[in-house]
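Here is how the chains run, residue by residue.
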Amino acid sequence: MRLTLLLILGTLLHLKLKAQYSDSTRYHIALSSTGSVNRTNEDKAYLLNNALNLGMKREHFVLNSSSSWLYGKQNNSLSNNDFSSTLNFNLYKTFPHFYYWGLLNYNTSYSLKLKNQLLAGGGIAYSFLDKPNAYVNLSDGVLFDQSSLIVGESYNTYRNSLRLQYHFAIKEIIVIDGSHFLQNSFSRKGDHIIRSVTSVGLKLRKWISLTTALNYNKLNITGRENLNLTYGLSIDQYF
């Protein structure tokens, strides 16, 4: 019963503290915790999703780190135990709306049958639309992938990493955010990774919103994919 109450609380409360960079805001922290519970006479399932994001900005440089953990069971059988941690930077030293990026990413995923994965590399990005209430960015680059699968296979390859990212705020009431990756191997035919996150927020007040997020991941080399929908409340704080 105690676990059930905690899971329901996690579903109802999605706490996020974040900062919007400006001349006076140089740091941000984002915390989120969501979950879901489903129980019938024959079946029971639960899912927990936790994330921590940290960021720092200087004049021509932005550094971000993020970690997330997705854990779930269905009928006492493990369905998800997925962890991801990323460190990335953006360097703004050329013309407006253009920057260089670098990334270091570690993943392990029970649902995708991925034992360990280390991605490292860099590339370029350009913002086709760059306004406070509307942002569309396209980036591309090369990543080195060192991976091992739960079935025992280990491999390394270079991947092209293409990302579409956007942010829209409609009359400061509805906020839509998206980040979508396609990562194809240069040397392994049919080896591609898809990662997609889309979130929608409805502001109740300036600092509180109802939010929902759709996460989709596919690892073609294992033939596995997952789709997760989370929902709750978000609380925003700027500093």
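Small disclaimer: the values here were computed from a predicted structure and weren't measured.

Moving on, we come to the confidence of the model for the protein. Per-residue pLDDT for the protein averages 84, and the proportion of residues at 70 or more is 87%. In the model, residues 1–19 has pLDDT below 50 throughout and makes 51 contacts with residues more than four positions away in sequence or in other chains.

Let us look at the pairing of strand β6 (residues 114–131). Relative to β6, strand β5 (residues 98–109) runs antiparallel, the two sharing 11 bridges. Directly across from Asn 107, in β6, lies its bridge partner Gln 117. Where β5 folds back on β6, the antiparallel hairpin that results is connected by 4 residues, among which Lys 113 adopts a positive phi of roughly 60°. Alignment of β6 against strand β7 (residues 134–149), held across 16 bridges, turns out to be antiparallel. Within the sheet, the bridge partner assigned to Leu 119 lies in β7 and is Asp 145. Counting the residues in the hairpin turn of β6 and β7 gives 2 residues.

Tallied over the entire structure, the rule returns 9 aromatic pairs. On the numbers, 5.8 Å between centres and 20° between planes, the contact of Phe 61 with Phe 89 is stacked. Remark: Phe 89 occurs in strand β4 (residues 77–91) and Phe 61 occurs in strand β3 (residues 61–74); sequence separation between them is 28 residues. Here Phe 89 falls in the partly exposed class, since its relative accessible area comes to 34%. Ring centres 5.4 Å apart and planes at 85° place the aromatic pair Phe 98 and Tyr 100 in the edge-to-face group.

Conventions and cut-offs
- Residues numbered from 1 in each chain as written.
- Predicted model: local features only at pLDDT ≥ 70, side-chain atom pairs only at ≥ 80, totals over all residues.
- Heavy atoms only, no water.
- pLDDT = per-residue confidence, 0-100.
- Contact = heavy atoms within 4.5 Å.
- Pairing = 2+ DSSP bridges.
- Helix = DSSP H or I, 4+ residues; strand = E, 2+ residues; numbered from the N terminus.
- Phe/Tyr/Trp six-rings, centres within 6.5 Å; stacked < 30°, edge-to-face > 60°.
- Buried < 20%, exposed > 50% of the residue type's maximum accessible area, 1.4 Å probe, protein only.

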